[in-house]
Amino acid sequence: MTILYFAWLRERIGLPRETVQTEAATVADLVDELRAREERYAFTFADLKAVRVALDQELTDFDAPLAGVREVAFFPPMTGG
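Throughout what follows, the structure given in this document is the object of discussion. From a predicted model like this one, the values you see are computed outputs, not experimental measurements.

## Focus: the nonpolar core
1) Next: Y5, V27, L30, F45, V72 and F74 are the most contacted members of the largest nonpolar core, which totals 22 residues.
2) Next: When contributions to this core are tallied by element, the ones reaching two or more residues are strand 1 (2–5), helix 1 (8–13), helix 2 (27–37), strand 3 (52–55) and strand 5 (71–75).
3) Next: Ranked by residue count, the leading element in this core is helix 2, at four residues.
4) Next: Setting aside residues no more than four positions away along its own chain, F45 makes contact with Y5, L9, I13, V31, L34, R35, V51 and F74.

## Section: the pairing of strand 3
1) Next: Relative to strand 5, strand 3 runs antiparallel, the two sharing four bridges. If you follow A54 over to strand 5, its bridge partner there is A73.
2) Next: The loop that links strand 3 with its antiparallel partner strand 4 (residues 58–60) comprises two residues; one of these, D56, has a positive phi angle of about 45°.

## With respect to the environment of V51
1) Next: Residue position: V51 is located in the loop between helix 3 (39–44) and strand 3.
2) Next: In this structure, the C-alpha to C-alpha distance between V51 and R17, residues 34 residues apart in sequence, is 16 Å.
3) Next: Here V51 is in contact with W8, L9, T44, F45, F62, F74, F75 and P77, once residues within four sequence places are set aside.

## Some thoughts on unusual backbone geometry
1) Next: Not every positive phi belongs to a glycine, and A7 is a case in point at roughly 55°.
2) Next: Structurally, A7 is set in the loop between strand 1 and helix 1.
3) Next: Residue class for A7 comes out partly exposed when judged on its relative accessible area of 30%.
4) Next: The residue Q57 is not glycine, and still its phi comes out positive at about 70°.
5) Next: Topologically, Q57 is positioned in the loop between strand 3 and strand 4.

Conventions adopted
- Residues numbered from 1 in each chain as written.
- Predicted model: local features only at pLDDT ≥ 70, side-chain atom pairs only at ≥ 80, totals over all residues.
- Heavy atoms only, no water.
- Core = buried A, V, L, I, M, F, W, Y, C linked by side-chain atoms within 4.5 Å.
- Buried < 20%, exposed > 50% of the residue type's maximum accessible area, 1.4 Å probe, protein only.
- Helix = DSSP H or I, 4+ residues; strand = E, 2+ residues; numbered from the N terminus.
- Contact = heavy atoms within 4.5 Å.
- Pairing = 2+ DSSP bridges.

Written as structure tokens, this is what we have:
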């Protein structure tokens, strides 16, 4: 699956996107896998209250299942204006 990182998440990870193989069942499981990879991921995903997620371009939450998902996007909360 493809993982996209936006805004400060992209800056901290150092990549705009990457392709990963995962056995994760949910977004939370995927985040746990990413955190275990390297310190930069652990730092980026330390506070999930500051992160939003979309699966195949649909906003969702961290307990959402990943079965059949092709794209996961992580980004900061958005504000209007």
